[in-house]
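Residues per chain are reported as follows:
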Amino acid sequence: MNIIINNIKKIYLLKELKNTKFFFRNPPKKKILIFDQISFNYLIDFFRLNSIKSYFQLDCRLRNLQHIYLSFEIIKKIIIYSKLLSLKQAYLLSVIETISPRVILTFNEFSKDLSKISIFLKKKSITTISIQNSDRSHILYDDQKHNKINCDILLSYGEIDKNIYKKNIKNYRFIKPIGSLKLNLAKKFKKKLNKNFKKPQYDICLIAKRLTNQSDKNLTNTQKKFTKLVKFVAKFSYENQLKVLVCGKPYSENYYDLKTEKNFFNQYFKKVDFKYTSSQINKYNSYLGVFNSKIIISTNSTLLRESLGEKKKILSLCPNKYNQFLKTGIYHLQDCNYEKFSSHIKKIYNMTDTSYFSKFDSNFFMKKTNSVSYLNNLIKSLIRKNR
């Protein structure tokens, strides 16, 4: 049985590596290394803004593995480290040591691979900086146990997130709330477009969740709730003659493409003054949608939390645990009918900004910081220190 399982694993591995290029030499030496492909395109913009031209992107996922380096030096390291780590982790550590960066950046703050190898990296004076990629508030009240991970420096959204990471990270140097790096990059992109959106063009911005190629009978609870929300928003907007902007998700394997997703929304909003946009067209389109709308609605999305930082009213139709941080459930509805949804959103519309935002615990908001500038200065200081 074990022989069969091992053969299946080998076939799977070969299939995943069919488009991978092999280099039988050492990778170039770089002072900055990007670990994992998650949100790499945002880091490219960060580098461009700060005139950072020299960095190395290390592919870490089999499905997206574009390059593999196998020199004599790397193979020798792999043999040594494979006694202490998995083969994949041994390879990653060997390549990183060969590149010899001073700083490692990642948006995958809960990476088990980086957690394992970071113990060895500290001995080499290589500092890892993990940047919060999405909202983690649910972890505080999650029934599942989360294994603690190793991390040098973590840059979180706010104070609540800092407390979450303190409970889930060990051996860290410090955790610093700096807000959302992606949001700050989006604001710089908005400034480049010379747009201020002082008078929002849309009444509602609907943040889409991933649709699926599965039949309606096999929809997940999240997909069912989102479809229900789409129907509610369409009906409410039609009844009240509101303009709606739908921000679609970027395309990925096993999910609907751009055209199919657009057609999905067209069938529900055909009687409504609405526009569809997607981060597949431009990664900042969803942020621009937030800037250009009065109220932001979704099931559960990090963009809802980011929208609060921009003083946008939000509404979530999702059974989450965020109410632990709210004085009331003003921004949150669990399972409800249309009448309750309609009544609640009218209530939000009629509230003053002061009254609405007073319902939130101040710790729930993201830190107001120029995170782009902070990260750039941190990288420079670490490179100087780790020479």
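Figured I'd write up the structure that's included with this text. No experiment lies behind these values; they were computed from the predicted model shown.

Among the nonpolar cores identified, the biggest contains 81 residues, and Leu105, Ile129, Leu206, Phe265, Phe269, Phe341 and Tyr356 are the most heavily contacted of them. A per-element tally of this core places helix α8 (residues 221–240) first, with seven residues. If you look at the next biggest cluster of nonpolar residues, it comprises 25 residues, including Phe56, Cys60, Ala90 and Tyr91.

Let us now look at the pattern of salt bridges. Across all of its chains, the model carries 10 salt bridges by this definition. Lys283 serves as the salt-bridge partner of Asp45, at 3.0 Å between the closest nitrogen and oxygen. Within this pair, whereas Asp45 is found in helix α2 (residues 40–49), its partner Lys283 is found in the loop between β13 (273–278) and α10 (285–291), the two being separated by 238 residues in sequence. We classify Asp45 as buried; its relative accessible area is 12%. Where Asp135 meets Arg305, a salt bridge forms, and the shortest distance between an N and an O atom there is 2.4 Å. One end of the pair, Asp135, is in the loop between β6 (127–131) and β7 (149–150); the other, Arg305, is in helix α11 (residues 302–309), with 170 residues separating them in the sequence. Arg305 shares its class with Asp135; the two are buried.

Here we come to the environment of Val244. By the element assignment, Val244 lies in strand β12 (residues 243–248). For the pair Val244 and Val233, spaced 11 residues apart in the sequence, the C-alpha separation amounts to 8.6 Å. Here Val244 is in contact with Tyr202, Ile204, Val233, Ser237, Phe269, Val272, Asp273, Phe274 and Lys275, once residues within four sequence places are set aside.

Definitions and limits used
- Counting restarts for each chain, with residues numbered from 1 along the sequence as it is written.
- Note on the predicted model: pLDDT of at least 70 is required for a residue's local features to be given, and 80 or more for side-chain atom pairs to be given and counted; whole-chain, interface and lining totals, by contrast, use all residues.
- Excluded from the side-chain calculations are hydrogens and water; all other atoms, namely the structure's heavy atoms, are used.
- Among buried residues, those of type Ala, Val, Leu, Ile, Met, Phe, Trp, Tyr and Cys that are joined through side-chain atoms within 4.5 Å constitute a nonpolar core.
- Partly exposed describes any residue whose relative accessible area lies between the buried limit of under 20% and the exposed limit of over 50%, with all areas from a 1.4 Å probe on protein chains only and scaled to the type maximum.
- Put simply, DSSP marks the helices as runs of H or I at least four residues long and the strands as runs of E at least two long, and each gets a number from the N terminus on.
- Within this document, salt bridges are pairs made up of a side-chain nitrogen of Lys or Arg and a carboxyl oxygen of Asp or Glu, the two lying within 4 Å of each other.
- We call two residues in contact whenever any of their non-hydrogen atoms come within 4.5 Å of each other.

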